[in-house]
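# A look at the structure
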Amino acid sequence: MKALVLKSKGNLAIQDMEFKETLGPEDVRIKIHTVGICGSDVHYYTHGKIGNFIVKEPMVLGHEAAGTVIEVGKKVTGLKAGDKVCMEPGVPNLRSRAVIEGMYNLDPDVVFWATPPVHGCLRETVVHPAMFTFKLPDNVSHAEGAMVEPLAVGMQAAKKAAIKPGDIALVTGCGTIGILAGLAALAGGCSKVIITDVIQPKLDIAAGYGMIPVNIKKQNLMDIVKKETGGWGVNLIFEASGNESAIKNIFEPLCPGGAVVFIGMPVEPVPVDIVAAQAKEARMESVFRYANQYPRAVALLGSGKIDVKPLITDKYKFKDAIAAYEYAADPKPTSVKVAIEM
Ligand SMILES: [Zn+2]
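Residues numbered from 1 in each chain as written. Predicted model: local features only at pLDDT ≥ 70, side-chain atom pairs only at ≥ 80, totals over all residues. Heavy atoms only, no water.

## Let's talk about the packing of aromatic side chains
Enumeration over the complete set of coordinates arrives at 5 aromatic pairs. Between Y45 and Y325, the aromatic rings sit 6.0 Å apart at their centres with planes inclined by 85°, giving edge-to-face as the arrangement. Of this pair, Y45 sits in helix 1 (residues 39-47) while Y325 sits in helix 11 (residues 321-329), placing them 280 residues apart in sequence. Its relative accessible area of 10% is what places Y45 among the buried residues. (Phe/Tyr/Trp six-rings, centres within 6.5 Å; stacked < 30°, edge-to-face > 60°. Helix = DSSP H or I, 4+ residues; strand = E, 2+ residues; numbered from the N terminus. Buried < 20%, exposed > 50% of the residue type's maximum accessible area, 1.4 Å probe, protein only.)

Written out as structure tokens, the structure is:
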């Protein structure tokens with residue numbers, strides 16, 4: 001079948017590839033419809049590695065996907081051919097200690113699409129466990145279904161934040177994940193979300209969702225936080241930039257007893273002001289991917305409480321997938337999610 005293959009750093013090709021996949025009794029075979037391009041996909045394309053994950057052999061990219069079930073294994077009951085679905089890209093070893101302890105996303109043996117050496121899903125069909133495949137409601141499109149993956153990261157952050165109704169949140173970083181964390185925070189009970197960045201068109205998109213945009217190039221964040229919180233500080237901070245300068249003063253806008261959730265991944269280790277955290281008895285949380293968020297994310301899309309359509313800014317056909325990656329590596333500031341349709 002045809003696949004988009006990262007042959008080596010900076011070298012992509014659409015080519016025929018054989019996959020040794022057999023449909024097990026608890027698997028489904030899915031015809032891929034839409035695959036979103038993630039920051040990690042772009043990073044493998046431009047740098048050939050992320051941390052210790054190094055592309056050593058040709059690898060198919062893509063992990064944010066939706067499609068249609070075309071075949072089901074003998075023991076599958078909840079899905080049938082023709083179902084529109086999205087797929088959770090990470091499959092843990094179901095007998096692992098991490099799974100038993102309820103944090104399957106932290107299983108060291110998780111098999112995750114497009115993380116070397118595992119092939120991703122930018123190809124015609126995949127075989128996937130039914131229990132990590134989720135039916136989409138009729139009113140949710142394949143393109144929106146492919147957005148469930150990054151939304152699940154925002155949902156995981158909202159869960160780790162332990163939002164109380166009416167909390168005021170700050171999101172630092174207005175990329176796809178920052179906006180989706182803000183939407184998850186609003187859906188989870190936050191009364192207001194302040195969001196920062198330096199790229200105005202991205203802030204404008206967040207403002208369209210009712211978030212309070214702060215362009216930190218031009219505006220003073222602390223003045224706005226004081227105004228919006230009556231001088232107390234925000235209850236929750238979602239750090240979604242991974243940027244050293246954002247992390248340096250991350251506790252400053254926080255209220256006493258508040259919490260910071262670290263989502264963004266700095267490329268290098270960065271300093272954190274522990275005393276500033278202690279002075280507020282700040283709770284610190286972190287997220288790595290997500291666990292048990294897909295059904296909730298799909299439900300929020302189906303209910304209309306979260307609308308990801310304005311975030312799907314660029315669509316490419318599979319035959320133009322290389323151009324899509326070139327664009328995603330250097331997008332216009334108005335672009336949020338680049339999606340490829342098979
Ligand atoms: Zn992703």
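## Observations regarding the coordination of the zinc ion
Around the zinc ion, the protein contributes the donor atoms C38 (SG), H63 (NE2), E64 (OE) and E149 (OE), which lie 2.2 to 2.5 Å from the metal centre. One way to put it: the 4 donor atoms around the zinc ion meet at angles of 87 to 169°, and that makes the site irregular. Going along the chain, you hit the donors of the zinc ion in the pattern C-x24-H-E-x84-E. Here the residue E64 occupies a position in strand 7 (residues 64-72), and E149 occupies one in helix 4 (residues 148-161), the gap between them amounting to 85 residues. (Donors = N, O, S within 2.8 Å, 3.2 Å for Na, K, Ca; no water. Tetrahedral: all angles 85-135°; square planar, octahedral: opposite > 155°, others 65-115°.)

## Thoughts on the side chain of D197
With respect to the secondary-structure elements, D197 resides in strand 14 (residues 192-197). Notably, D197 is buried but unbridged: the nearest opposite-charge side chain belongs to K202, and the N-O separation is 7.1 Å. Discounting residues that sit within four places of it in the chain, D197 has contacts with G173, C174, G175, L203, V214, N215 and I216. (Lys, Arg positive; Asp, Glu negative; His and termini not counted. Salt bridge = Lys/Arg side-chain N within 4 Å of Asp/Glu carboxyl O. Contact = heavy atoms within 4.5 Å.)

## Observations concerning the pairing of strand 2 (residues 11-16)
The pairing of strand 1 (residues 2-8) with strand 2 spans 6 bridges and is classified as antiparallel. Looking across to strand 2, one finds that A3 is bridged to Q15. Linking strand 1 to strand 2, which pair antiparallel, is a turn of 2 residues; within it G10 sits at a positive phi near 75°. (Pairing = 2+ DSSP bridges.)

## Describing the sheet that holds strand 6 (residues 59-60)
Reading across the sheet, the 3 strands line up as 2-1-6 and stay open at both edges, with antiparallel pairing between neighbours. The outermost strands of the open sheet, each flanked by one partner alone, are strand 2 and strand 6. For strand 1 and strand 6, the ladder comprises 2 bridges, and the chain directions are antiparallel. Residue L6 lies in a different strand from strand 6, and its bridge partner there is M59.

## Some thoughts on helix 5 (residues 176-187)
Taking 1.5 Å per residue as the helical rise, helix 5 with its 12 residues ought to reach 16 Å, and the 16 Å between its terminal C-alpha atoms agrees with that figure. The buried count for helix 5 comes to 9 of 12 residues, which makes it a mostly enclosed element. For helix 5, every residue scored as buried is listed here: T176, G178, I179, L180, A181, G182, L183, A184 and A185. On its buried face, helix 5 is in contact with helix 4, strand 13 (168-172), strand 14, helix 6 (200-208), strand 16 (234-239) and strand 20 (337-341). At the exit of helix 5 stands G189, carrying a positive phi of roughly 120°. (Expected span 1.5 Å × (residues − 1).)

## Some remarks on the sheet that holds strand 18 (residues 283-286)
Spatial strand order, 15-14-13-16-17-18: 6 strands in an open sheet with parallel pairing. A strand with exactly one partner marks an edge of an open sheet, and here the two such strands are strand 15 (212-215) and strand 18. When the angles between neighbouring strand axes are averaged without regard to direction, this sheet yields 20°. (Axes fitted to C-alpha atoms, helices over the stretch in contact; angles between N-to-C directions.)

## As for the environment of A66
The topology assignment puts A66 in strand 7. Taking the relative accessible area as the measure of exposure, A66 reaches 0% and is therefore buried. Residues in contact with A66, not counting those within four places in the same chain, are I32, H33, T34, V85, C86, M87, L136, H142, G145 and A146.

## Structural notes on the pattern of salt bridges
As a working rule, side chains carrying opposite charge can pair if their charged atoms are close by. For the coordinates displayed, the defined rule picks out 15 salt bridges. The salt bridge involving E341 is made with K315; its shortest N-O contact spans 3.9 Å. Residue E341 is located in strand 20, and its partner K315 is located in strand 19 (residues 312-317); the two are separated by 26 residues in the primary sequence. Taken together, the salt bridges that share partners define one network made up of K80, D83 and K135.

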